[in-house]
Amino acid sequence: MALIGEETMEQLRNLIKAVNDKDAERKEDQLLQYMELVLERNQHVNLTAITDRDEFIRKHYIESLAAAALPEFQAAETVIDLGTGGGFPGVPLAIVFPEKQFTLVDSLNKRIRIIQEFCETLGIRNVTAIHGRAEDLGQQEDLRESFEACVSRAVADMRVLAEYCLPFVKVGGAFIAYKSSDCSEELQGAKRAIGLLGGGACRLASAESEEHLLVVIPKDKPTPKQYPRRAGTPGKKPL
Ligand code: SAH
């Protein structure tokens, strides 16, 4: 396909093969088709700031798939993506791991409806997209502590993000945050919050690029009932 560097395509192809080889060609096709749908709709609805295909593949696909290398992700059968936006990292992970169940959450209903429509068009059957705020959904019995893994990219500072995400994770599961490589101060500042929410010691794992890394937080204990607090409170008064 024009406009995509051969090197980038090769990297994507190799990554798919390395992490979940089965039906690799079909997965590659679905990823390319999803990109075209997003770029087309992006002219009317803001789904991503990226318009260049090569960059789209690197930032939205190769970067999103970084979690696939983690044992915590591999072990999870159910995964929630909090603040998925245009479907990242949730949709590429769902395409490459059709045997896992993905729940994608965003507070903007327009984006959720578009993701549902695109998944239907492409025959992606392992994605459920839910409209709502983390603070409300995290108190919902059918979602709370119901997922073996939670992933989230570019949604909030770790102190706030931990309160959005950890309540969804089952004890024994993990929260995987996509962060920039210089997040050590941010993590230091979030230690107390993570502990209050039932999270354990953070582990840093390399992502597919040098500017990013993955922060893996095990869910050691149940999250106390009072968290997440009311919508808006985590952002205004971070733990
Ligand atoms: N994860 C995507 C999008 C990042 S933009 C990516 O990396 O490309 C952040 C998204 O989080 C937005 O779509 C916004 O609507 C959503 N969001 C922010 N706060 C939220 C909350 N409290 N609950 C649910 N979604 C939220």
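Look a little higher up for the structure.
J.: Describe helix H6 (residues 109–122), with residues and values.
T.: Across its 14 residues, H6 extends 20 Å between first and last C-alpha, which sits within 8% of the 20 Å expected from 1.5 Å per residue. Of all the positions in H6, only Arg111, Ile112, Ile114, Ile115, Phe118, Cys119 and Leu122 are classed as buried. Mapping the buried residues of H6 onto a view down its axis gives an arc of 165°, with all of them on the same face. When the buried face of H6 is taken as reference, the exposed residues oriented beyond 90 degrees from it are Lys110, Glu120 and Thr121. Positive backbone phi, at 70°, marks Gly123, one or two positions downstream of H6.

J.: Explain the nonpolar core to me, using residue names and the numbers behind them.
T.: By size, the foremost hydrophobic cluster in this structure holds 54 residues, and its most contacted members are Leu12, Tyr34, Ile57, Tyr61, Phe73, Phe102 and Leu214. With seven residues, the single largest contributor to this core is helix H2 (residues 24–41). Here Tyr34 is in contact with Tyr61, Gly86, Gly87, Phe88, Val91, Ile95, Ile115, Phe118 and Leu122, once residues within four sequence places are set aside. Ranked by size, the runner-up nonpolar core spans 30 residues in total, among them Ala177, Leu187, Ala190 and Ile217.

J.: Tell me about helix H3 (residues 53–62), and name the residues and values.
T.: Listing the buried residues of H3 in full gives Asp54, Phe56, Ile57, His60, Tyr61 and Ile62. The opening residue of H3 is Asp52, an N-cap whose side-chain oxygen sits 3.3 Å from the backbone nitrogen of Asp54.

J.: Would you mind going over the side chain of Glu163 in detail, with residue names and values included?
T.: In this fold, Glu163 is placed in helix H8 (residues 158–165). Its relative accessible area of 0% is what places Glu163 among the buried residues. A polar side-chain atom of Glu163 sits 2.8 Å from a polar atom in the side chain of Arg229. Leaving out residues up to four positions away in the same chain, Glu163 has contacts with Leu197, Tyr227, Pro228, Arg229, Pro234 and Leu239.

The rules we used
Residues numbered from 1 in each chain as written. Predicted model: local features only at pLDDT ≥ 70, side-chain atom pairs only at ≥ 80, totals over all residues. Heavy atoms only, no water. Helix = DSSP H or I, 4+ residues; strand = E, 2+ residues; numbered from the N terminus. Expected span 1.5 Å × (residues − 1). Buried < 20%, exposed > 50% of the residue type's maximum accessible area, 1.4 Å probe, protein only. Arc of directions from axis to C-beta. Core = buried A, V, L, I, M, F, W, Y, C linked by side-chain atoms within 4.5 Å. Contact = heavy atoms within 4.5 Å. Polar contact = N/O pair within 3.5 Å; in protein donor to acceptor, adjacent residues only side chain to side chain.

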